[in-house]
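Here are the chains, one letter per residue:
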Amino acid sequence: MDDTDLGTLTRQGDRWMLTFTRRLAHPREKVWRAVTEPEHLAAWYPQEIVGERRAGAPLRFVGSAGDSFDGQMLVFDPPELRADGAGTLLTLTDTFDELGKAARDGAGWHECLDRLAAELDGTPQRPMGETWVEVHPRYVTQLGPDAATIGPPPGNDPTGANA
């Protein structure tokens with residue numbers, strides 16, 4: 001992995017945005033199914049997403065232990081995936097209020113996107129949490145200490161520190 005796979009952090013007003021861009025060697029339609037259909041999401045995303053798939057829809061993210069949090073679908077539009085030769089250019093943006101969780105979330109989305117690519121490629125996936133532990137220090141370095149003041153939620157620390 002090179003640093004071009006790392007997400008970039010920007011500020012928009014009083015909110016923060018982590019943006020990831022990945023080139024995937026698969027047609028746009030296949031990538032769209034992988035990022036929208038529940039049976040495909042389960043292979044790379046750690047929570048079940050409950051709610052309508054439409055812009056503006058409220059969503060609930062439910063973990064395997066029954067923990068959950070709420071969110072909102074801001075954009076739901078297949079053209080958000082751009083053709084890239086025979087493949088697809090995927091841009092994912094995570095918007096949040098607290099700068100202190102940027103490194104944590106960056107490492108989490110990074111792992112999810114690596115898992116998505118492995119799923120699309122049909123290659124074995126690493127155990128959940130392994131990539132997070134590897135890339136989190138790089139996000140702390142890239143984004144700075146203020147972006148790493150909030151660690152993983154209780155019971156979800158991939159390092160095992162709060163298990």
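Here, the structure is the one placed above.
In this report, we go over the structure that sits alongside the text.

Let's talk about the side chain of E111
And then number 1: Along the chain, the position of E111 falls in helix 3 (residues 102-121).
And then number 2: At 4.7 Å, R115 is the nearest oppositely charged side chain to E111, a buried residue that forms no salt bridge.
And then number 3: At 2.7 Å, the side chain of E111 forms a polar contact with the backbone nitrogen of G129.
And then number 4: With residues near it in sequence (within four places) discarded, E111 still touches P127, M128, G129, E130, T131 and W132.

Focus on the sheet that holds strand 6 (residues 82-84)
And then number 1: Pairing in this open sheet of four strands is antiparallel, and the strands run 1-2-7-6 from one edge to the other. Single-partner strands in this sheet number two, and they are strand 1 (8-12) and strand 6. Direction aside, neighbouring strands of the sheet carry axes that sit 30° apart on average.
And then number 2: Of the pairings in the sheet, the one linking strand 1 to strand 2 (residues 15-24) comprises five bridges and is antiparallel in character. Following the sheet pairing, T10 is matched in strand 2 by M17.

Focus: the side chain of R22
And then number 1: Turning to its location among the elements, R22 is positioned in strand 2.
And then number 2: At 2.8 Å, the side chain of R22 forms a polar contact with the side chain of D114.

Describing the pattern of salt bridges
And then number 1: Applying the stated criterion across every chain, the model contains 10 salt bridges.
And then number 2: Here R104 ties to D105 by a salt bridge, and the two come within 2.9 Å at their closest N and O atoms.
And then number 3: Note on R104: relative accessible area 16%, which makes it buried.
And then number 4: The exposure class of D105 is buried, given its relative accessible area of 12%.
And then number 5: Measuring nitrogen to oxygen at the nearest pair gives 2.9 Å for the salt bridge that ties E130 to R126.
And then number 6: You can call E130 partly exposed: its relative accessible area is 37%.

As for the sheet that holds strand 5 (residues 68-72)
Sheet strands pair via backbone hydrogen bonds, and the direction of the pair is either parallel or antiparallel.
And then number 1: Sheet architecture is open: three strands sit in the order 3-4-5, paired in antiparallel fashion. Looking at strand neighbours, the two that pair on one side only are strand 3 (48-50) and strand 5, the edges of this open sheet. On average, each strand axis in the sheet is tilted by 25° relative to the strand beside it, whichever way the strands run.

Focus: the packing of aromatic side chains
And then number 1: Under the definition given, this model contains five aromatic pairs.
And then number 2: Ring centres 5.8 Å apart and planes at 70° place the aromatic pair W44 and Y45 in the edge-to-face group.
And then number 3: With relative accessibility at 4%, the residue W44 sits in the buried group.
And then number 4: The structure contains a cluster of three or more aromatic residues connected by ring pairs, namely W44, Y45, F61, F69 and W109.

Each value, and the rule that gives it
- Residues numbered from 1 in each chain as written.
- Predicted model: local features only at pLDDT ≥ 70, side-chain atom pairs only at ≥ 80, totals over all residues.
- Heavy atoms only, no water.
- Helix = DSSP H or I, 4+ residues; strand = E, 2+ residues; numbered from the N terminus.
- Buried < 20%, exposed > 50% of the residue type's maximum accessible area, 1.4 Å probe, protein only.
- Lys, Arg positive; Asp, Glu negative; His and termini not counted.
- Salt bridge = Lys/Arg side-chain N within 4 Å of Asp/Glu carboxyl O.
- Polar contact = N/O pair within 3.5 Å; in protein donor to acceptor, adjacent residues only side chain to side chain.
- Contact = heavy atoms within 4.5 Å.
- Pairing = 2+ DSSP bridges.
- Axes fitted to C-alpha atoms, helices over the stretch in contact; angles between N-to-C directions.
- Phe/Tyr/Trp six-rings, centres within 6.5 Å; stacked < 30°, edge-to-face > 60°.

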